[in-house]
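If you want the building blocks of each chain, they are given just below.
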Amino acid sequence: MENNLRVLRKRRGLSQVAVQMATGIEQALLSKYENGRRVPPTETLMILSDFYDVSIDYILKRTENPKINR
């Protein structure tokens, strides 16, 4: 699964550990999500979309607009 998680994190100058501290999502899981080795469950996508202030569809590359859901 290709997603924007790494791009969103790097644009904010955050490490995976910083995202872990802010969201409670384990760093190892964040790494797997960013690398496409695991698909985040819906609850995790909701947490990450709230944290980055973007839509879930943007994270999943279903839209180019970070505020629009498809």
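The following paragraphs examine the structure supplied in this document.

## Remarks on the nonpolar core
At step 1: Judged by nonpolar contacts, Leu5, Leu8, Val19, Ile25, Leu30, Tyr33, Leu45, Leu48, Tyr52, Val54, Tyr58 and Ile59 together constitute the single largest core of 12 residues.
At step 2: If you list the elements that add at least two residues to this core, you get helix 1 (5-11), helix 3 (27-34), helix 4 (42-52) and helix 5 (56-59).

## Observations regarding the side chain of Gln16
At step 1: When you line up the elements, Gln16 lands in helix 2 (residues 16-23).
At step 2: Judged by relative accessible area, Gln16 falls into the buried class, the value being 14%.
At step 3: Reaching out from Gln16, the side chain makes a polar contact with the side chain of Glu34 at a distance of 3.0 Å.
At step 4: Beyond its immediate sequence surroundings of up to four residues, Gln16 is in contact with Arg9, Gln27, Leu30, Ser31 and Glu34.

## Describing the packing of aromatic side chains
At step 1: Within the structure shown, the criterion is met by one aromatic pair.
At step 2: Residues Phe51 and Tyr52 carry aromatic rings whose centres are separated by 4.9 Å and whose planes lie at 70° to one another, so their mutual orientation is edge-to-face.

## Focus on unusual backbone geometry
With glycine set apart, most residues show a phi of negative sign, and most peptide bonds adopt trans.
At step 1: Of note in this structure, Asp53 is not a glycine but carries a positive phi near 60°.
At step 2: Tracing the backbone shows Asp53 in the loop between helix 4 and helix 5.
At step 3: Residue classification places Asp53 among the exposed positions, given a relative accessible area of 52%.
At step 4: Backbone geometry places Lys61, a non-glycine residue, at a positive phi of 60°.
At step 5: Lys61 sits in the partly exposed class, given a relative accessible area of 43%.

## Examining the packing of helix 2 against helix 4
At step 1: Running from N to C, helix 2 and helix 4 point in directions that differ by 105°, and their axes come no closer than 11 Å. The angle between helix 2 and helix 4 places the two elements in the roughly perpendicular class. Of the residues in helix 4, those in contact with Val19, Ala22 and Thr23 of helix 2 are Ile47, Leu48, Phe51 and Tyr52.

## Some points on the environment of Leu45
At step 1: Examined against the element boundaries, Leu45 turns out to sit in helix 4.
At step 2: Residue Leu45 is classed as buried on the basis of its relative accessible area, which comes to 7%.
At step 3: Remark: the alpha-carbon pair of Leu45 and Arg11, spanning 34 residues in sequence, is separated by 18 Å.
At step 4: Among residues more than four places away in sequence, those in contact with Leu45 are Pro40, Ile56, Ile59 and Leu60.

Conventions we followed
- Residues numbered from 1 in each chain as written.
- Predicted model: local features only at pLDDT ≥ 70, side-chain atom pairs only at ≥ 80, totals over all residues.
- Heavy atoms only, no water.
- Core = buried A, V, L, I, M, F, W, Y, C linked by side-chain atoms within 4.5 Å.
- Buried < 20%, exposed > 50% of the residue type's maximum accessible area, 1.4 Å probe, protein only.
- Helix = DSSP H or I, 4+ residues; strand = E, 2+ residues; numbered from the N terminus.
- Polar contact = N/O pair within 3.5 Å; in protein donor to acceptor, adjacent residues only side chain to side chain.
- Contact = heavy atoms within 4.5 Å.
- Phe/Tyr/Trp six-rings, centres within 6.5 Å; stacked < 30°, edge-to-face > 60°.
- Axes fitted to C-alpha atoms, helices over the stretch in contact; angles between N-to-C directions.
- Parallel < 35°, antiparallel > 145°, perpendicular 65-115°, else oblique.

None of the figures reported here should be taken as evidence of function without further support.
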